[in-house]
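# Examining the three-dimensional arrangement
Single-letter residue listing:
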Amino acid sequence: MSASLSRPRVGVWLIGARGSVATTVVTGCAAVTAGLHPPTGMVSETPAFTDSGLPALSDLVFGGHDTLDCPLPKRAETLTAGGVLPPGIAPAVASELVAADREIRPGGPTPGDTRSEAELITAFADDIRDFVHRHDLERAVVVNVASTEPASQGPDAPLPASTLYALAALRAGCPYVNFTPSEGMHHPVAAREADRSGLPHAGRDGKTGQTLLRAVLGPMFAQRALRVRAWSGTNLLGGGDGAALADPAAAAAKNAGKERVLADTLGTVPEGEVHIDDVPALGDWKTAWDHIAFDGFLGTRMILQTIWQGCDSALAAPLVLDLARLTARAHEAGLSGPLGALGFYFKDPVGDGPPGLSEQYEELVRFGRSLGQAAGEGPGVRAGEQTWPVEQTDASGEAL
């Protein structure tokens, strides 16, 4: 048997599997594997992680849930027309896109769906287990890259879809990563199950643009003892995210992570807000502007302004691949609970860790080194074969 055939394969189950980020993830992984493009933006492909024991990109198998029915090859065509994907890449990896699209199952709940929360969780978990077993995968990581949900409506509200998917991941015995601001594993019901499961998880809200810059600039002001008086920002974006964040409740969930970065790095919350405007004409591109008012020596008042223009999908996709590989390896090594060392990737990270990007990177490198030193596969459980008792409960605490 060849070395490539003997290596265990790892599943990446994407929630929002037909969205822009997921399509860019699948397309990019195939393109890098085929040598069509370098792994630009993938920290896990840098020399610091060569000996971390991460699964190879060629060993990743994709599937997922989505409520949309646009096939991945068609979605890739749209992203190519919008300048997100380079010309010629989607046709070159068409077979990989078709294969991933065959593994996408209907998500929910959708309008008119009469299934209970328990039935939805069971159905989603069964889909993941079936994916793992049909492909004889060693394990699978569930990654939420769906559109942002409105903030939770309180303890008596129905479980948000992101939490249903998170519970399904736990039920299927899979590590979970929340790349969105949605509640997911943060909901008390899911948090309790995560504690009981012994599975690793990471999140929340990928740090791709404006907040990435804030995580660099915040420590700069603090370390230079410059007093920040106000920090205001504006985001102009289109695409699915722009439409989702036009909802004030969804925008509030998104902005909470941006504000946390400033509070953690500055030690205080300056005046100012972040405004998010939906501009459909921008498509998958966005512009983020920050206006920072600060005091220097003898109270001299100064201003720093930044402009960030980029493509969210292209910024997010390499991070999603990093997170899937690192989380899969953590599971293989027998780690459990919140993976605080992955805070480098998130606005609102779980677990303990430093807030500044430089310190977060150093911790990530140490984490990668520790993964490489982990002997064997550790006590991790094969995905889909988790045997811990699962007693799902609804928002009121009743058993599902």
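In this numbering scheme, every chain counts its residues from 1 along its sequence in written order. Owing to the predicted nature of the model, reporting of local features is limited to residues with pLDDT of at least 70; listing and counting of side-chain atom pairs is limited to 80 or more, with chain, interface and lining totals taken over all residues. Hydrogens and water are ignored here; the side-chain numbers use all heavy atoms of the structure.

With that settled, the discussion passes to the overall build of the chain. In terms of helices and strands, the chain carries 13 helices and 11 strands. Buried means the residue's accessible area, taken with a 1.4 Å probe over protein chains only, is under 20% of the maximum for its type, while exposed means over 50%, and partly exposed covers the values in between. Among the 400 residues that make up the chain, the fraction classed as buried is 52%. Working rule for contacts: check all heavy atoms of both residues, and any pair within 4.5 Å makes them a contact. Considering only residue pairs separated by 6 or more positions, the chain has 80% of its internal contacts joining residues 24 or more positions apart. Here the open area of atoms and residues is found with the Shrake-Rupley method and a 1.4 Å probe, where only the protein chains shown may cover a residue. As presented, the chain carries roughly 16,900 Å² of accessible surface, and 55% of it is formed by carbon and sulfur atoms. Segments assigned H or I by DSSP are reported as helices when at least four residues long, segments assigned E as strands when at least two residues long, and all are numbered from the N terminus.

Take the pattern of salt bridges next. Just to be clear on terms, a salt bridge is a Lys or Arg side-chain nitrogen sitting within 4 Å of an Asp or Glu carboxyl oxygen. The full count for this structure, using the stated rule, is 20 salt bridges. The partner of Arg 134 in a salt bridge is Glu 103, with the nearest N and O atoms 2.5 Å apart. You can see Arg 134 sitting in helix H6 (residues 117–134) and its partner Glu 103 sitting in the loop between helix H5 (94–102) and strand E3 (104–106), a full 31 residues away along the chain. Among the residues examined, Arg 134 registers a relative accessible area of 41% and is labelled partly exposed. In this structure, Arg 329 and Glu 332 form a salt bridge, with 3.0 Å as the shortest nitrogen-oxygen distance. Of the two residues, Arg 329 and Glu 332 are both situated in helix H12 (residues 312–332); the distance of 3 residues between them amounts to about one turn of the helix. Take Arg 329 and Glu 332: they sit in the same class, and that class is buried. What emerges from the salt-bridge pattern is a single network uniting Glu 103, Arg 105, Asp 130 and Arg 134.

Let us look at the pairing of strand E4 (residues 139–144). Counting buried residues along E4, 6 of its 6 residues qualify, which places the element largely inside the surrounding structure. Residues of E4 alternate between two faces, with Arg 139, Val 141 and Val 143 on one and Ala 140, Val 142 and Asn 144 on the opposite face, all of them buried. Between any two strands, at least two bridges found by DSSP are needed for them to pair. Pairing between strand E1 (residues 10–15) and E4: 6 bridges, direction parallel. Among the inter-strand pairings, Ile 15 is bridged to a residue of E4, identified as Asn 144. Relative to strand E5 (residues 176–178), E4 runs parallel, the two being bridged by 3 bridges. Across the sheet, Val 143 pairs through a bridge with Val 177, a residue of E5. Handedness is read with the strands pointing away from the viewer; a crossover is right-handed when the path from the first strand over the helix to the second is clockwise. The parallel pair E4 and E5, bridged by helix H7 (residues 161–171), forms a crossover whose chirality is right-handed.

The parallel open sheet is built from 7 strands, whose spatial order is E3-E2-E1-E4-E5-E6-E11. This sheet does not close on itself; its edge strands, each paired only once, are E3 and strand E11 (337–338). Where E5 lies against strand E6 (residues 200–203), 3 bridges are found, and the strand directions are parallel. The residue bridging Val 177 from the neighbouring strand is Ala 202, located in E6. Here, axes are lines fitted to C-alpha atoms. For helices the fit covers the stretch in contact, and angles between N-to-C directions go from 0 to 180 degrees. Contacts from H7 reach E1, strand E2 (60–66), E4 and E5, with the element oriented near 160 degrees to E5.

Let us now look at the nonpolar core. Core analysis: the largest hydrophobic core is formed by 59 residues, its most contacted members being Leu 14, Phe 62, Leu 342 and Tyr 345. Leaving out residues up to four positions away in the same chain, Tyr 345 has contacts with Val 43, Asp 205, Gly 206, Lys 207, Leu 319, Asp 322, Leu 323, Leu 326 and Leu 364. Take the buried residues of types Ala, Val, Leu, Ile, Met, Phe, Trp, Tyr and Cys, join any two whose side-chain atoms come within 4.5 Å, and each joined set is a nonpolar core. Formed by 29 residues, the second largest nonpolar core is a distinct cluster that contains Val 132, Leu 164, Ala 194 and Leu 199.

The next thing to look at is the layout of surface pockets. Both cavities and pockets are sets of points on a 1 Å grid over the protein atoms alone; in a cavity a 1.4 Å probe fits but cannot get out, in a pocket the set is open with protein on both sides within 12 Å along at least five of seven lines, and lining residues sit with an atom within 4 Å of a point. Grid points are joined across faces, edges and corners, and a volume is the space filled by probe spheres set on the points. Here the second largest pocket is characterised by a volume of approximately 390 Å³. What lines the second largest pocket is a set of 21 residues, and nearest its centre among them are Thr 24, Gly 28, His 37, Pro 38 and Thr 40. Going through the elements one at a time, helix H2 (20–33) and H12 are the ones with two or more residues in the lining of the second largest pocket. No other element matches the 6 residues that H2 contributes to the lining of the second largest pocket. Only Asp, Glu, Lys and Arg are considered charged, only Ala, Val, Leu, Ile, Met, Phe, Trp, Tyr, Cys and Pro nonpolar, and every remaining residue, Gly among them, polar. A class-by-class count of the residues in the lining of the second largest pocket yields 14 nonpolar, 7 polar and no charged.

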